[in-house]
Amino acid sequence: MTDTTTTPARKPQMWIVHTRQHGTIIYGTRRGDGTGAVLSKHRFRGSEHLEVPVDEELGEPYWYLPHSQRSRADRHTINRAAGDLRDAGWTVEIRIDETTPAVGFWELEARKYQYAEYRAERLQRQAGAATATAESIRAANRRSYDALNGTPMLVDHHSYNRHKRLLERLWKREGKAFALIDKAGAAFGRAQAARKFQDRRESHGTTLRRIQGLERQLRDIERALHGRTEWLGQEPLVEGQLSELQARIAKLTGLGIPVKQTGRVSRGCAEVWVGVSEHGQQVLAAEMVEALEEIAYWEDLIAASGRKVWQAVDFTAGDFVQLGGRWLEVVKVSKRTLTVPDQLTGHRAEIQTMADLTRRVRHPHTTTIPYDTVGGKLTADGARERYPAAYEPPPEGELPKRPGLKRGKVHISGGGGARHEMWFFTLDGQDYRAVWPEPGHTIWYGPPTPIADPAPIKVFKTFGLGGRSAELVAELEVPAGIRWREQVFNVLRGWVEANKPS
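What you see is a predicted model; the values in this text were computed from it and never measured.

Asks: Hey, could you run me through the packing of helix H3 (residues 105-148) against helix H8 (residues 278-305) in this one?
Replies: Helices that pack against each other are described as a pair by the angle of their axes relative to one another and the distance between those axes. Running from N to C, H3 and H8 point in directions that differ by 60°, and their axes come no closer than 9 Å. With respect to each other, H3 and H8 are oriented oblique. Residues Phe105, Trp106, Glu109 and Tyr113 of H3 lie in contact with H8, whose contacting residues are Glu293, Glu294, Tyr297 and Trp298.

Written out as structure tokens, the structure is:
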């Protein structure tokens, strides 16, 4: 008797290989072999133009994991993809090498710029094709409308249904044309972004910030190589079981990670130093080599640009820094930032001094800027020579010094509100509320001009829940010509201290 049972064809073997040089790629596959339904779910992409040499043993790869070069293996994604492939009948072998550093960073950057040019050309063609199709559709629609010659729809005529269907068809085609115009606009914008990719990536400030990030990565690697400390309990939580300290030491030792007790004990816990395994040291060393190569590449790019790299030693308080086409006075110099007048306050003059900002704004603010955003420097003498008008004394003369808030034994809380200054305090167990109407936002929050006729401060005794009931007990006269709200507060402080219980 002949056996007619058919044996399913055995699927070929596949290799998921990760190296720092080429990233995560899959050998033993080709386009259309059925693996796409499995691998696409795990962010793998297919390409017949991978910049990877053909392996004599494994052949030519097709699937790859984007953004996996010069990095550790994404073991979670790799294991999930391998498991799904095995469930689908493929034989999968995983090979990972995270200890050999990648080289040729400049080649990787050159390929990125080349791909950006290809992407710009492709998107430009798509935008042109969509625009041409939309224009042809609209031109055909216009010919149809012209043929109608403004003829209205005749409800009781035999042509009514045909006329109605024609207008509906033209309306749908017009919508399709405008959808293609939107698509063309989006493609054109992406093409423009692709053309500017290299300029944005190699811009001066961006490159300096990238170098700072790589230097920070080197410091993190050095700290990781020195190991870390952990505090673990010495006593077992359950009788007969290992303590947290013993279990942790046994687990780390089994993984090949060096561990030892430092001898420090606190509250039943012992300090343990946890080192880095031999494999971990090799991975960190590879990352260090790659980071040093990238730093050298970007520093050479900065040096070739010929632009100044500003540092704290280049500035002193009183200099001016160029930011966005304006010159801002340097108030304070720090290691990583410069303190300058806040650009959201004051006027939009070409040069901004703190003295002028203080005259113009009642509450001037400052902000900090990093050195990678600095566009230039101007000394105080150079600024005075270049912008003499900024140093001319104001016609009303110099402002008096802004007073401080007087202190006292009675605590006064509160402050500015939407329309009033309002303060709260307690004297001999009695709650009080003081209210002073502001003279108007255009005056009070603008330049500190004198207030000729200020309103009095009204002091109320408050009763009940939330002080809903109040009784006026005093009206405090505010002297004419005040400029600062601190002066109003100090008037109230004087009355409170005079009426506090002895």
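Asks: Looking at this structure, I do not really get the sheet that holds strand E9 (residues 320-323). What am I missing?
Replies: The strand order across the open sheet built from four strands is E13-E10-E9-E15, with neighbouring strands paired in mixed fashion. Strands at the two margins of the open sheet, each flanked by one partner only, are strand E13 (351-352) and strand E15 (376-378). Alignment of E9 against E15, held across three bridges, turns out to be antiparallel. From the neighbouring strand, Phe320 faces E15, where its bridge partner is Leu378.

Asks: Explanation requested: unusual backbone geometry in the structure shown.
Replies: As a rule of thumb, non-glycine residues mostly have phi less than zero, and peptide bonds are mostly trans rather than cis. If you check the backbone angles, His67 has positive phi at about 60° while not being a glycine. Positionally, His67 belongs in the loop between strand E4 (63-65) and helix H2 (75-87). Its relative accessible area of 80% is what places His67 among the exposed residues.

Asks: Got a minute to help me understand the confidence of the model for the chain in this structure?
Replies: Low-pLDDT portions of the prediction should not be read for the details of their coordinates. Considering every residue of the chain, the mean pLDDT works out to 88; 92% of them sit at 70 or more. Per-element confidence in the chain ranges from a low mean pLDDT of 49 for helix H11 (residues 441-444) to a high of 96 for strand E11 (residues 332-333).

Asks: For this particular structure, what's the right way to read the packing of aromatic side chains?
Replies: Aromatic rings considered in pairs are described by the distance between their centres and by the relative angle of their planes. Tallied over the entire structure, the rule returns 11 aromatic pairs. Ring geometry for Phe315 versus Tyr371: centroids 6.2 Å apart, planes at 35°, classification tilted. Highlighted residues: Phe315 in the loop between H8 and E9 and Tyr371 in the loop between strand E14 (366-370) and E15, separated in sequence by 56 residues. The structure contains a cluster of three or more aromatic residues connected by ring pairs, namely Phe105, Tyr297 and Trp298. Positioned above the aromatic ring of Trp310, the side-chain terminus of Lys308 is 5.7 Å from the ring centre.

Asks: Please explain the nonpolar core as it appears in this structure.
Replies: A general trend in soluble globular proteins is that nonpolar side chains are found buried together. Ranked by size, the top nonpolar core spans 20 residues in total, and within it Phe425, Val459 and Leu492 carry the most contacts. Where this core is concerned, the elements lending two or more residues are strand E17 (420-427), strand E18 (430-437), strand E19 (457-463), strand E20 (469-476) and helix H12 (485-499). In terms of residue count, the dominant contributor to this core is H12 (five residues).

Asks: Where do I start with the packing of H3 against helix H4 (residues 160-195) in this structure?
Replies: At their nearest, the axes of H3 and H4 sit 7 Å apart, and the two run at 160° to each other. In terms of orientation, H3 and H4 fall into the roughly antiparallel class. Every pair of crossing elements has a handedness; the one defined by H3 and H4 is left-handed. A breakdown of the residues in the contact of H3 with H4 according to their chemical character gives 22 nonpolar, six polar and seven charged.

Asks: Explanation requested: the sheet that holds E11 in the structure shown.
Replies: With antiparallel pairing, the three strands of this open sheet are ordered in space as E11-E12-E14. Of all strands in the sheet, those bounded by a partner on one side alone are E11 and E14. Two strands pair when backbone bridges link them, and strand E12 (residues 337-341) and E14 are joined in this way by five bridges, in the antiparallel orientation. Residue pairing in the sheet places Thr339 in a bridge with Thr368 of E14.

Asks: I'm lost on the pairing of strand E2 (residues 23-27) in this one. Help?
Replies: Every other side chain in a regular strand lies on the same face of the sheet, so the side chains alternate between the two faces. Burial within E2 is extensive, with five of its five residues counted as buried. In this structure, strand E1 (residues 13-19) lies alongside E2, joined through five bridges in antiparallel fashion. Each residue of the ladder has a partner; that of Ile16, found in E2, is Ile26. In textbook terms, the turn of a hairpin is the stretch between consecutive antiparallel strands, and for E1 and E2 this stretch comprises three residues. In this structure, E2 lies alongside E4, joined through three bridges in antiparallel fashion. By the bridge assignment for E4, Thr24 is matched with Leu65.

Asks: When you look at H2 in this model, what are you seeing that I'm missing?
Replies: Helical geometry note: an α-helix holds 3.6 residues per turn, so side chains three or four residues apart project in the same direction. With 13 residues, H2 should cover 18 Å at 1.5 Å per step; its first-to-last C-alpha distance of 18 Å lies within 8% of that length. Buried within H2 are the following residues: Thr77, Ile78, Ala81, Ala82 and Leu85. Projected down its long axis, H2 carries its buried residues within an arc of 125°, all on one side. Turned more than 90 degrees off the buried face of H2, the exposed positions are His76 and Asp87. Looking one or two places after H2, you find Gly89, whose phi comes out positive at around 110°.

The rules behind these values
Residues numbered from 1 in each chain as written. Predicted model: local features only at pLDDT ≥ 70, side-chain atom pairs only at ≥ 80, totals over all residues. Heavy atoms only, no water. Axes fitted to C-alpha atoms, helices over the stretch in contact; angles between N-to-C directions. Helix = DSSP H or I, 4+ residues; strand = E, 2+ residues; numbered from the N terminus. Parallel < 35°, antiparallel > 145°, perpendicular 65-115°, else oblique. Contact = heavy atoms within 4.5 Å. Pairing = 2+ DSSP bridges. Buried < 20%, exposed > 50% of the residue type's maximum accessible area, 1.4 Å probe, protein only. pLDDT = per-residue confidence, 0-100. Phe/Tyr/Trp six-rings, centres within 6.5 Å; stacked < 30°, edge-to-face > 60°. Lys NZ or Arg CZ within 6 Å of the ring centre and 35° of its normal. Core = buried A, V, L, I, M, F, W, Y, C linked by side-chain atoms within 4.5 Å. Left-handed = near helix turned anticlockwise from the far one by under 90°. Nonpolar A, V, L, I, M, F, W, Y, C, P; charged D, E, K, R; others polar. Expected span 1.5 Å × (residues − 1). Arc of directions from axis to C-beta.

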